[in-house]
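Chain residues, written in single-letter form:
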Amino acid sequence: MADIQLYGASWCPDCRRAKKFLADQRVPYEWHDIETDPDGVDVVQERNDGKNIIPTLIFPDGSHLAEPSNEELAEKIGLERMAMQHVYDLIIVGGGPAGLTTAIYAARENLDTLIVDSKGLGGQAGITERLDNYPGFPDGIGGAELADRFVKQAERYGVEMLQAVSVTSVIDDGHRELGVETATGDHYHARAVLLATGSSYRRTEAEGEEDLIGAGVHFCATCDGPFYKGSDELMVIGAGNSGLEEGLFLTQFTGKVTIVERGDTLRGSKLLQDKVLNHPKIEVQLRHGVKTFRAKDDGSGKLGAVVVEDLESGEATERHPAGVFVFIGLDPNTGFLGDLVSLDEGGFVVTDPTFMTNFPGVFAAGDVRRGSTKQLASAVGEGAAAAIQIRGYLDRLEASA
Ligand SMILES: Cc1cc2nc3c(=O)[nH]c(=O)nc-3n(C[C@H](O)[C@H](O)[C@H](O)COP(=O)(O)OP(=O)(O)OC[C@H]3O[C@@H](n4cnc5c(N)ncnc54)[C@H](O)[C@@H]3O)c2cc1C
């Protein structure tokens, strides 16, 4: 038995939490819905003295946990959640491509470096099915494999890394030190902090969306559009600048692009609106919203149908685009920062050309930074550049002490 066996039901919030926790840590598991798998009920009852307790997780060593908390799960799968020291030269908040690259550069410069990530190391790259535009991999590379390579390289240089630990605040500790507080109740000190917490694509929250991400539901046309070369139809959700731009971009791969928008007008720039409205391959459906994403019934786990609802009449129609691209906004992961550093109107961290924020010693790189291009190669480039600037800042700090 290679993977963890997870028994639960689709209506059970604790089961969804356990699934999300394992997925966030990129721990493979097999899902058994006890409502559709009759043997599942027997397994659950046998493990729990005849009781129906879900989620029940059975581990490769034969042991099981019933209704475990995230902390119990973290301990069981061997996640390190407390750092070895209290003081570091550099603490990196976020272990995605930007944070991991900064860590590799910093550790090579002998800076004592700690990465803290609220989910699994690798960030969004780690949960991306396939990356086709990252230089150096002419045949593309799986996101999880690339993330593992980043992590291995960071390990080789002795970077300390914590997973499933959220940073809850970064504070001024005085005496030219910064404090980093975590949801596990720990407080670490550093002379410099890098914010590399990325941003989250807003979801439609329609039924079925979560399970089909990367399997027909996407958030980046530049990244995933080429997978649909030769398809009959693609769907774009959202008619702001991104939706219109990406919709136009997608026309090169498919016979038709349908843009679905809840509002009663297109919201992008006038120029983009004109291009979209005059494009022979684009159809716009205003005052419509996605109700459900449904997987194919061939067991492939890929998108099979999308149910779109007319918001005025309530009429629902089933559509069959090859893929759906959601562009309804992006939220930077900056809520934990309070008013420590300047943020722009969208909540992205403002930096100077040296990647430093307005708070001395606090830097930012990657998707969380104002003006970043939300691409993996750029996040890696920003991570490397920030590391060099941090080295210079720490040298100057030392010289002035
Ligand atoms: C589905 C999908 C497909 C993509 N495909 C491509 C592609 O093909 N090509 C391409 O170039 N780009 C692609 N991208 C974009 C690319 O993945 C991102 O640009 C890149 O990952 C950004 O790196 P980052 O390190 O800045 O942020 P992220 O990768 O977002 O990493 C940020 C990390 O910070 C952690 N974090 C957040 N808040 C906290 C906190 N409070 N405490 C501790 N940790 C925290 C998160 O858990 C996360 O691990 C894709 C993105 C998605 C979502």
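Preceding this paragraph is the structure being described.
**Thoughts on the pattern of salt bridges**
Now for step 1: Counted according to the given criterion, the structure contains 18 salt bridges.
Now for step 2: Notably, a salt bridge pairs D89 with R191, separated by 3.0 Å at the nearest N-O pair. Placement of D89 in strand 5 (residues 87-93) and of R191 in strand 12 (residues 187-195) is noted, with a sequence separation of 102 residues between them.
Now for step 3: Given a relative accessible area of 21%, R191 falls into the partly exposed group.
Now for step 4: The salt bridge partner of K256 is E283, with a shortest N-O separation of 2.7 Å.

**Points about the state of the cysteines**
Now for step 1: In total, this model carries one disulfide according to the counting rule given.
Now for step 2: Disulfide pairing places C12 opposite C15 at an S-S distance of 2.3 Å. Handedness here is read from the sign of the S-S torsion; for C12 and C15, about 90°, the answer is right-handed.

**Concerning the packing of aromatic side chains**
Now for step 1: Across all of its chains, the model carries six aromatic pairs by this definition.
Now for step 2: Plain terms: the ring middles of Y228 and F325 are 5.9 Å apart, the flat faces sit at 85° to each other, and that makes the pair edge-to-face. In this pair, Y228 sits in the loop between helix 8 (221-224) and strand 15 (231-237) while F325 sits in strand 21 (residues 323-326), placing the two residues 97 residues apart along the sequence. The pair Y228 / F325 is uniform in exposure class, with both members buried.
Now for step 3: These aromatic residues form a ring-pair network of at least three members: Y134, F137 and F150.
Now for step 4: Here the basic side chain of K19 rests over the ring of W31, its NZ or CZ set 4.0 Å away from the ring centre.
Now for step 5: Directly above the aromatic system of F59 lies the positively charged group of K76, at a separation of 5.1 Å from the ring centroid.

**Brief notes about the environment of N358**
Now for step 1: By the secondary structure assignment, N358 is in the loop between strand 22 (330-332) and strand 23 (362-364).
Now for step 2: Separated by 268 residues in sequence, N358 and L90 have C-alpha atoms that sit 17 Å apart.
Now for step 3: Excluding residues that lie within four positions of it along the chain, N358 makes contacts with L340, V341, S342 and V350.
Now for step 4: Polar side-chain contacts of N358 include one of 2.8 Å to the backbone nitrogen of S342.

**Observations regarding the site of the ligand**
Now for step 1: Close contacts around the ligand come from 33 residues, with D117, Q124, N133, D367 and L376 the closest.
Now for step 2: Note that an oxygen atom of the ligand is positioned 3.1 Å from one of the side-chain N or O atoms of Q375.
Now for step 3: Coverage of the ligand by the protein amounts to 94% of the 1000 Å² it exposes when considered alone.
Now for step 4: Broken down by secondary-structure element, the contributors of at least two residues to the shell around the ligand are helix 4 (97-108), helix 5 (123-126) and helix 11 (376-400).
Now for step 5: Sorting elements by how many residues they give to the shell around the ligand places helix 5 first, with three residues.
Now for step 6: Tallied by class, residues from the shell around the ligand come to 14 nonpolar, 15 polar and four charged.

What counts, and where the lines are drawn
- Residues numbered from 1 in each chain as written.
- Predicted model: local features only at pLDDT ≥ 70, side-chain atom pairs only at ≥ 80, totals over all residues.
- Heavy atoms only, no water.
- Salt bridge = Lys/Arg side-chain N within 4 Å of Asp/Glu carboxyl O.
- Helix = DSSP H or I, 4+ residues; strand = E, 2+ residues; numbered from the N terminus.
- Buried < 20%, exposed > 50% of the residue type's maximum accessible area, 1.4 Å probe, protein only.
- Disulfide = S-S within 2.5 Å.
- Phe/Tyr/Trp six-rings, centres within 6.5 Å; stacked < 30°, edge-to-face > 60°.
- Lys NZ or Arg CZ within 6 Å of the ring centre and 35° of its normal.
- Contact = heavy atoms within 4.5 Å.
- Polar contact = N/O pair within 3.5 Å; in protein donor to acceptor, adjacent residues only side chain to side chain.
- Near = heavy atom within 4 Å.
- Areas by Shrake-Rupley, 256 points an atom, 1.4 Å probe, with all protein chains shown as cover.
- Nonpolar A, V, L, I, M, F, W, Y, C, P; charged D, E, K, R; others polar.

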